[in-house]
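One-letter residues, chain by chain:
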Amino acid sequence: MKNIAVIGAGTMGNGIAHTFAQFGYNVQLIDVSQTSLDNGIATINKNLERMVAKESISEEEKNRTLSNIETFTNLEEGVKKANLVVEAATENVDLKLKIFRDLDKFCPEQTILASNTSSISITQIAAVTSRPEMVIGMHFMNPVPIMKLVEIIRGYSTSQATFKNVEEISKKLNKVPVEVNDYPGFVANRILMPMINEAIETLYNGVAGVKEIDTVMMLGMAHPMGPLALADFIGLDVCLSILNVMYDGFKNPKYAPCPLLVNMVMAGKLGSKSGEGFYDYSQNRKAEDVAKMFSK
């Protein structure tokens, strides 16, 4: 398993490509946009330079990592020699199903097809392919080069051989693989997203302000980052998408997204990537003022 195709050059995709390349794998990084690919490679280079500055890798290792990555805008060309594909596209069911139909058509028959989805059913994704036994979830945590956890999600038909291969390659990346069954949100987001949603409800109901809520969770619960800051880091649109998947999957009102979250996403306030979320990253307004715009 030396050739790893990564679909999507965004935050998760470039982090996954970086990690595989750093551990000596040949990486084919694929995106429909050349600009996204250029930005992804620039991010990888910046992160590697930071590692060199901290003396965790050498300049030679940085250059070798970059040389292990090829970029493609053509999916068929990019996956033609892949042993493993890791899809890291936007958290959208229809998009992922289309990608996996195409991967099934273009990849060699022995290629394992993995998704980095944080909540969408692996069984549903596998069902659109002719190789459901070779489809699996490989959910990395952000930032990928630093975080140790990989959730490995078995679909209904995922074979033991596929699971063992992905478990072994995760260990070779110096990650800690954890086996998870295929239910909405898996483990990480099934626990994390209701907590974030409850923090948003707490703000929405006027119990406390943004900084106060985050301070309580950091100092009182020993969280390294408050839930509202974490939501901004993840992306409020991503949080909303995951909550909707869980709400649709379980039909349980405890997973229903807070109206404040819905309104903020509709207004384009997506967190750090848009410049505004629960915190104002442009420094032009106080975080509480931004939140109050969309609260009761």
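This is a predicted model, so every value here is computed, not measured.

Broken down by element type, the protein chain carries 13 helices and 8 strands. Compactness check: the protein chain gives a C-alpha radius of gyration of 20 Å against a globular reference of 19 Å for 296 residues, within 12% of the reference. Along the first, second and third principal axes, the C-alpha atoms of the protein chain reach 55 × 45 × 35 Å. The buried share among the 296 residues of the protein chain stands at 50%. Counting only contacts in the protein chain whose residues sit at least 6 apart along the sequence, the fraction spanning at least 24 positions is 66%.

This part takes up the environment of Ala114. Mapped onto the elements, Ala114 comes out in strand 5 (residues 112-115). The exposure class of Ala114 is buried, given its relative accessible area of 0%. For Ala114 and Leu84, which are 30 residues apart along the polypeptide, the C-alpha to C-alpha distance reads 7.3 Å. Ignoring anything within four residues of it in the chain, the contact list for Ala114 reads Leu84, Val85, Val86, Glu87, Phe100, Ile136 and Met138.

Looking at soluble globular proteins, one finds that nonpolar side chains tend to be buried together. Counting residues in each nonpolar core, the largest one holds 33 residues, and the members touching the most others are Ile4, Ile16, Phe20, Leu84, Val86, Met138 and Phe140. No other element matches helix 1 (residues 11-22), which puts 5 residues into this core. Setting aside anything within four residues of it in sequence, one finds Ile4 in contact with Phe20, Tyr25, Asn26, Val27, Gln28, Leu84, Val86 and Ile169. Ranked by size, the runner-up nonpolar core spans 26 residues in total, among them Tyr204, Leu236, Leu243 and Val265.

With that settled, the discussion passes to unusual backbone geometry. Of note, the bond from Asn142 into Pro143 is cis; its omega dihedral lies within 30 degrees of zero at 0°. Position of Pro143 relative to the elements: it lies in the loop between strand 6 (135-140) and strand 7 (149-154). For Glu55, which is not a glycine, the phi torsion comes out positive at approximately 60°. With respect to the element layout, Glu55 can be found in the loop between helix 2 (34-53) and helix 3 (59-67). A residue is classified by how much of its surface remains accessible, and Glu55, at 72% relative accessible area, is exposed. Look at Phe186: it is not a glycine, yet its phi comes out positive at around 55°. Its location among the elements puts Phe186 in the loop between strand 8 (176-181) and helix 8 (188-204). Owing to a relative accessible area of 4%, Phe186 belongs among the buried residues under this scheme.

What follows is about the packing of helix 8 against helix 9 (residues 210-221). Their axes nearest at 10 Å, the elements helix 8 and helix 9 cross at an angle of 140°. Here helix 8 is positioned oblique relative to helix 9, judged by the angle of their axes. The hand of the helix 8/helix 9 crossing is right-handed. Contacts between helix 8 and helix 9 involve Met195, Ala199, Thr202 and Leu203 on the former and, on the latter, Val210, Ile213 and Met217. Residue composition of the contact of helix 8 with helix 9, by class: 6 nonpolar, 1 polar and no charged.

Here we take up helix 5 (residues 93-106). With 14 residues, helix 5 extends 20 Å from end C-alpha to end C-alpha; this agrees with the ideal 20 Å at 1.5 Å per step. When helix 5 is considered as a whole, its buried residues turn out to be Lys96, Leu97, Ile99, Phe100, Asp102, Leu103 and Asp104. Of the surrounding secondary structure, the elements contacted by the buried residues of helix 5 are strand 1 (3-7), helix 4 (75-79), strand 4 (84-87), strand 5, helix 6 (122-126) and strand 6. With a side-chain oxygen positioned 3.1 Å from the backbone nitrogen of Asp94, the residue opening helix 5 is Asn92.

The next thing to look at is the pattern of salt bridges. Applying the stated criterion to the full structure yields 14 salt bridges. Residue Arg64 is joined to Glu60 by a salt bridge in which the shortest nitrogen-to-oxygen separation is 3.6 Å. Of this pair, Arg64 and Glu60 are both found in helix 3, 4 residues apart, which corresponds to roughly one turn of the helix. Classification of Arg64 by relative accessible area gives partly exposed; the value is 41%. Its salt-bridge partner being Glu179, residue Arg154 comes within 2.6 Å of it at the nearest N-O pair.

Before going further, it helps to examine the UniProt feature "domain: 3-hydroxyacyl-CoA dehydrogenase C-terminal" (unreviewed entry) in the protein chain. According to UniProt, the positions carrying the feature "domain: 3-hydroxyacyl-CoA dehydrogenase C-terminal" (unreviewed entry) are residues 185-281. Annotated as 62% helix and 0% strand, the span residues 185-281 places its first and last C-alpha atoms 28 Å apart.

For helix 2, built from 20 residues, the straight-helix expectation of 28 Å at 1.5 Å per residue is met to within 8% by its first-to-last C-alpha distance of 29 Å. All of the buried residues in helix 2 are Leu37, Gly40, Ile44, Asn47, Leu48 and Met51. Along helix 2, the residues classed as buried sweep out an arc of 100° about the axis, all on the same side. Looking at helix 2, the residues exposed on the side facing more than 90 degrees away from the buried face are Thr35 and Ala53. Lining the buried residues of helix 2 we find helix 1, strand 2 (26-30), helix 3 and strand 3 (69-72).

Conventions and cut-offs
Residues numbered from 1 in each chain as written. Predicted model: local features only at pLDDT ≥ 70, side-chain atom pairs only at ≥ 80, totals over all residues. Heavy atoms only, no water. Helix = DSSP H or I, 4+ residues; strand = E, 2+ residues; numbered from the N terminus. Rg over C-alpha atoms; globule rule 2.2 N^0.38 Å. Buried < 20%, exposed > 50% of the residue type's maximum accessible area, 1.4 Å probe, protein only. Contact = heavy atoms within 4.5 Å. Core = buried A, V, L, I, M, F, W, Y, C linked by side-chain atoms within 4.5 Å. Axes fitted to C-alpha atoms, helices over the stretch in contact; angles between N-to-C directions. Parallel < 35°, antiparallel > 145°, perpendicular 65-115°, else oblique. Left-handed = near helix turned anticlockwise from the far one by under 90°. Nonpolar A, V, L, I, M, F, W, Y, C, P; charged D, E, K, R; others polar. Expected span 1.5 Å × (residues − 1). Polar contact = N/O pair within 3.5 Å; in protein donor to acceptor, adjacent residues only side chain to side chain. Salt bridge = Lys/Arg side-chain N within 4 Å of Asp/Glu carboxyl O. UniProt positions renumbered as here; feature names shortened; annotations may be inferred. Arc of directions from axis to C-beta.

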